[in-house]
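# Coordinates in review
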Amino acid sequence: MASLRNTICLFLSACVLSVTAAGCAVTTNPSATAHHEEAVRVAALATTTARIKADVAYLADDALEGREAGTLGYDAAAEYVAARMAGIGLAPGNGDDWFQETPLRIATSIPETAAMS
């Protein structure tokens with residue numbers, strides 16, 4: 001779960017960084033006016049803001065079963081984040097793969113033998 005949370009944070013940070021970089025881009029067109037540049041910046045920001053809202057809405061949706069490790073919701077969220085990161089031009093950090101196998105341990109309590117001390 002922490003791995004997915006870190007991936008989502010990285011993804012959202014990359015989105016914000018791309019918006020910031022787009023807003024700081026320098027144009028080489030001398031005829032571009034300040035009004036035009038501001039309109040382009042606002043349009044890019046609005047588009048990115050809507051995209052981030054859509055991403056968060058999808059990842060927070062109850063249909064993803066809380067993104068609990070080992071569930072179909074977790075897998076769907078991981079695939080979604082990987083696709084979005086690839087879509088904005090990021091490269092996988094694990095060779096050519098976005099995913100890394102990690103063994104998970106399951107702990108269950110046995111109420112009949114549980115005790116408080």
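What comes next concerns the included structure. (Residues numbered from 1 in each chain as written. Predicted model: local features only at pLDDT ≥ 70, side-chain atom pairs only at ≥ 80, totals over all residues. Heavy atoms only, no water.)

Here we take up the pattern of salt bridges. A full pass over the atoms with the stated rule returns two salt bridges. In this structure, Asp55 and Arg51 form a salt bridge, with 2.8 Å as the shortest nitrogen-oxygen distance. Of this pair, Asp55 and Arg51 both sit in helix H2 (residues 34–60), four residues apart, roughly one helical turn. By relative accessible area, Asp55 is classed as buried at 0%. The closest approach of N and O atoms between Arg84 and Asp55, which form a salt bridge, is 3.1 Å. Placement of the pair is Arg84 in helix H3 (residues 72–87) and Asp55 in helix H2, with a sequence separation of 29 residues. Both residues of the pair, Arg84 and Asp55, belong to the buried class. Taken together, the shared-partner salt bridges in this structure form one network comprising Arg51, Asp55 and Arg84. (Salt bridge = Lys/Arg side-chain N within 4 Å of Asp/Glu carboxyl O. Helix = DSSP H or I, 4+ residues; strand = E, 2+ residues; numbered from the N terminus. Buried < 20%, exposed > 50% of the residue type's maximum accessible area, 1.4 Å probe, protein only.)

Looking now at the side chain of Thr71. By the element assignment, Thr71 lies in the loop between H2 and H3. Side-chain polar atoms of Thr71 contact the backbone oxygen of Glu68, separated by 2.6 Å. Setting aside residues no more than four positions away along its own chain, Thr71 makes contact with Leu64 and Glu65. (Polar contact = N/O pair within 3.5 Å; in protein donor to acceptor, adjacent residues only side chain to side chain. Contact = heavy atoms within 4.5 Å.)

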